[in-house]
Amino acid sequence: MSLVTLLPFIVLIGAMFLMTRSAKKKQNAAAQMRNDMQPGSGVRTIGGMYATVKEVNEDTVLLDAGPGVDLLFAKNAIGAVLSDDEYNRLVHGIEHDLKDDEAVVPDDASSLTETDEPADASDDKPIDLGKKDAADEPVEESADAEPKKADEADLKKSDGESDAK
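Given the structure is predicted, the values throughout are model-derived calculations rather than measurements. (Residues numbered from 1 in each chain as written. Predicted model: local features only at pLDDT ≥ 70, side-chain atom pairs only at ≥ 80, totals over all residues. Heavy atoms only, no water.)

S.K.: Can you explain the environment of glutamate 55? Please cite residues and give values.
M.R.: Relative to the helices and strands, glutamate 55 is located in strand E2 (residues 50-56). The exposure class assigned to glutamate 55 is partly exposed, which follows from its relative accessible area of 38%. A C-alpha to C-alpha distance of 8.5 Å links glutamate 55 and glycine 40, two positions 15 residues apart in sequence. Leaving out residues up to four positions away in the same chain, glutamate 55 has contacts with Val61 and Leu62. (Helix = DSSP H or I, 4+ residues; strand = E, 2+ residues; numbered from the N terminus. Buried < 20%, exposed > 50% of the residue type's maximum accessible area, 1.4 Å probe, protein only. Contact = heavy atoms within 4.5 Å.)

Next comes the structure, spelled out in structure tokens:
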């Protein structure tokens, strides 16, 4: 056999080795994270439940999910160990890293005005935009009634039509 025929097999074996190596690194990191759990730290289970670690045993973890609710989980069921700030933000809604000097976006537009008093309705004047309805215009009977009919006929034409004069 020549080297050219063995080259695809060597590449496949190398790719499989690299993929299994990265998967083992992830598994080792997850196992290390689970072994480093301490009582009092916040965790998220693989099912998505957030709880506080109450006791850590060799293969199990006792979690405090609420007042009077203690749950026993396998260590493998712990998906992530959360930092205190992240756990408090997710579970209790407490934000520790808010800056006081940041601009606060108001919930409504009333806080955008300079004064706290509402504007008087008498100050508001209707705005005339210059557009008038046909019913508002007075109808005049005069000699120029004939050209208006011609204009109306022009308006009835569609875009594609042309004058056939």
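S.K.: Account for the pattern of salt bridges, with residues named and values stated.
M.R.: With the rule as written, the count across this model stands at one salt bridge. Between lysine 54 and aspartate 70 there is a salt bridge, with the nearest N and O atoms lying 2.8 Å from each other. Within this pair, whereas lysine 54 is found in strand E2, its partner aspartate 70 is found in strand E4 (residues 69-74), the two being separated by 16 residues in sequence. The class of lysine 54 is partly exposed, set by a relative accessible area of 45%. (Salt bridge = Lys/Arg side-chain N within 4 Å of Asp/Glu carboxyl O.)

S.K.: Give me the nonpolar core: which residues, what numbers.
M.R.: Within the largest apolar cluster, seven residues are counted, these being Met37, Val43, Ala51, Val53, Val61, Leu63 and Ile78. Looking at this core, the elements that each hand over two or more residues are E2 and strand E3 (60-66). In this structure alanine 51 touches Ser41, Gly42, Val43, Leu63, Asp64, Ala65 and Tyr87, once residues within four positions along its chain are discounted. (Core = buried A, V, L, I, M, F, W, Y, C linked by side-chain atoms within 4.5 Å.)

S.K.: Break down the side chain of lysine 75 for me, citing the residues and quoting the values.
M.R.: With respect to the helices and strands, lysine 75 occurs in the loop between E4 and strand E5 (78-82). It turns out lysine 75 is buried and unbridged, and the closest side chain with the opposite charge, aspartate 59, is 6.6 Å from it. If we ignore the near neighbours within four places in the chain, the residues touching lysine 75 are Arg34, Asn35, Met37, Val56, Asn57, Glu58, Asp59, Thr60 and Val61. (Lys, Arg positive; Asp, Glu negative; His and termini not counted.)

S.K.: Can you tell me about the sheet that holds E3, naming the residues and giving the values?
M.R.: A sheet is described by the order of its strands in space; here five strands give the open sequence E4-E3-E2-E1-E5, paired in antiparallel fashion. Lying at the two open borders of the sheet, with one neighbouring strand each, are E4 and E5. Averaged over all adjacent pairs, the angle separating strand axes in this sheet is 40°, with direction ignored. The pairing of strand E1 (residues 42-45) with E5 spans four bridges and is antiparallel. By the bridge assignment, valine 43 is partnered in E5 with valine 81. In this fold helix H2 (residues 84-92) packs onto E1, E2 and E5, with an angle of close to 135° to the strand it touches most, E2. (Pairing = 2+ DSSP bridges. Axes fitted to C-alpha atoms, helices over the stretch in contact; angles between N-to-C directions.)

Everything listed is a geometric property; what it means functionally is a separate question.
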